[in-house]
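These are the residues of each chain, in order.
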Amino acid sequence: MLVRIGDVEHLEFEEFYQESRDACLRAVLATTGDRQLAEDLVAEAFTRAWMSWRKVSRHPAPHAWIVRVALNTRVTWWRRRRHEVALTGHDAVDRAAADGADVDPALLVALRRLPRRQREVIALRVFLDLDTETAARALGIAPGTVTAHLSRAVAALRGDLATVNGQEGER
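Since the model is a prediction, treat every value here as computed from it, not as a measurement.

### A few points about the packing of aromatic side chains
With the rule as written, the count across this model stands at seven aromatic pairs. Consider the rings of Phe-13 and Phe-16, whose centres lie 6.4 Å apart with planes at 50 degrees: the pair is tilted. Placement of both Phe-13 and Phe-16 in helix α1 (residues 10-32) is noted, with a separation of three residues, approximately one turn of the helix. In terms of burial, Phe-13 and Phe-16 fall into one category: buried. Centre to centre, the rings of Phe-16 and Trp-53 are 5.0 Å apart; their planes meet at 40 degrees, and the pair counts as tilted. Linking Phe-16 in helix α1 with Trp-53 in helix α3 (residues 53-57), this pair joins segments that are 37 residues apart in sequence. Each member of the pair Phe-16 and Trp-53 is classed as buried. Chaining the aromatic ring pairs together yields one cluster made of Phe-13, Phe-16, Tyr-17, Phe-46, Trp-50 and Trp-53.

### Some words on the pattern of salt bridges
Counted under the stated rule, the structure contains seven salt bridges. As a salt-bridge pair, Arg-113 and Asp-160 come within 3.6 Å of each other at their nearest N and O atoms. One end of the pair, Arg-113, is in helix α6 (residues 105-113); the other, Asp-160, is in helix α9 (residues 143-170), with 47 residues separating them in the sequence. For Arg-113, a relative accessible area of 51% gives the class exposed. In this structure, a network of salt bridges that share partners links the residues Arg-68, Arg-116, Arg-117 and Glu-120.

### So, the side chain of Glu-120
Tracing the backbone through its elements, the reader meets Glu-120 in helix α7 (residues 116-127). Residue Glu-120 is classed as buried on the basis of its relative accessible area, which comes to 2%. Not counting the four nearest positions on each side in its chain, Glu-120 is found in contact with Thr-31, Arg-68, Leu-71 and Leu-139.

### Topic: unusual backbone geometry
Even without being glycine, Asp-129 reaches a positive phi, approximately 55 degrees. Relative to the elements of secondary structure, Asp-129 occurs in the loop between α7 and α8 (132-139). Accessibility expressed as a relative area gives 65% for Asp-129, which makes it exposed.

### Notes on the packing of α6 against α7
Running from N to C, α6 and α7 point in directions that differ by 135 degrees, and their axes come no closer than 9 Å. With respect to α7, the element α6 is oriented oblique. On α7, the residues touching Leu-107, Leu-111 and Arg-112 of α6 are Arg-119, Ile-122 and Phe-127. Within the contact of α6 with α7, the residues separate by chemical class into four nonpolar, no polar and two charged.

### Some details on helix α2 (residues 35-51)
Here α2 contains 17 residues, and its C-alpha end-to-end distance of 24 Å stays within 8% of the 24 Å for a straight helix at 1.5 Å per residue. Within α2, the full set of buried residues consists of Arg-35, Ala-38, Leu-41, Val-42, Ala-45, Phe-46 and Ala-49. Down the axis, α2 shows its buried residues gathered within 135 degrees of arc, on one side only. In α2, the exposed residues that point more than 90 degrees away from the buried face are Gln-36 and Met-51. With a side-chain oxygen lying 3.0 Å from the backbone nitrogen of Gln-36, the N-terminal cap of α2 falls on Asp-34.

### Some thoughts on the confidence of the model for the chain
Summary statistics for the chain give a mean pLDDT of 81 and a share of 78% for residues scoring 70 or more. Mean pLDDT values for the elements of the chain range from 44 in helix α5 (residues 95-98) up to 94 in α2. Across residues 85-100, where pLDDT falls below 50, the model places 16 contacts with residues more than four positions away in sequence or in other chains.

The rules behind these values
- Residue positions are counted from 1 within each chain, in the order its sequence is given.
- Local features in this predicted model are restricted to residues whose pLDDT is 70 or higher, and side-chain atom pairs enter the listing and the counts only when it is 80 or higher, whereas totals over whole chains, interfaces and linings include all residues.
- Values shown for side chains rest on all heavy atoms present in the structure; no hydrogens or waters enter the calculation.
- Centres within 6.5 Å are what make two rings of Phe, Tyr or Trp a pair, Trp counting through its six-membered ring; a difference in plane orientation under 30 degrees is then read as stacked, over 60 as edge-to-face, and the rest as tilted.
- Starting at the N terminus, helices and strands are each numbered in turn, a helix being any DSSP run of H or I of at least four residues and a strand any DSSP run of E of at least two.
- Exposure is judged per residue with a 1.4 Å probe applied to protein chains only, and the accessible area is read against the type maximum: over 50% gives exposed, under 20% gives buried, and values in between give partly exposed.
- Salt-bridge detection follows one rule: a side-chain nitrogen of Lys or Arg within 4 Å of a carboxyl oxygen of Asp or Glu.
- Contacts: residue pairs with any heavy atoms within 4.5 Å of one another.
- Axes, fitted as lines to C-alpha atoms, cover a helix only where it is in contact. Angles between the N-to-C directions of the axes lie from 0 to 180 degrees.
- Put simply, angles under 35 degrees are roughly parallel, angles over 145 are roughly antiparallel, angles from 65 to 115 are roughly perpendicular, and the rest are oblique.
- Residue classes follow a fixed rule: Ala, Val, Leu, Ile, Met, Phe, Trp, Tyr, Cys and Pro count as nonpolar, while Asp, Glu, Lys and Arg count as charged, and any other residue, Gly among them, counts as polar.
- By definition here, a helix of n residues has an expected span of 1.5 Å times n minus one.
- Summarising the geometry, the arc corresponds to the directions from the helix axis toward the C-beta atoms.
- Distance and chemistry together define a polar contact, namely a pair of N or O atoms within 3.5 Å, with one atom able to donate a hydrogen and the other to accept it when in protein, and with adjacent residues in sequence counting only for side-chain atoms on both sides.
- Confidence per residue, as judged by the predictor, is encoded in pLDDT with a range of 0 to 100.

Following this line, the structure appears as structure tokens:
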């Protein structure tokens, strides 16, 4: 039975939310490095998806739509607040904020060192497991650019995480 609230298929959206929330949260967390911010952004994105569910449900990758909206929302929020709040500690990831995120805190630190576009590609290709074409459409870039960013990001992460693991082994 399909329950309708206005023009929105409530059960369909609820099922999508339950299936996609954690993956979207991990993808946004990997990009932002801040658990609370990621939760707020994902909540905002799902709210917008709810309001436009007919359109979003027909999107080829609705979970990529959620992540893209969340990341765009972050930029909008940042632009509004950049003159109000001094931004500090961009490279530090609070380990307590990463608790329960199912993402290794060392990985979050390494991800924060990557350029924004590389973090976005990692979020879509790795955390959401999208194919190259779908990730390219979601980001508005060419598939070859997605591949290049992914390759560079993986190489950088491999180097960062090998260094981190090597330092831990010396202790």
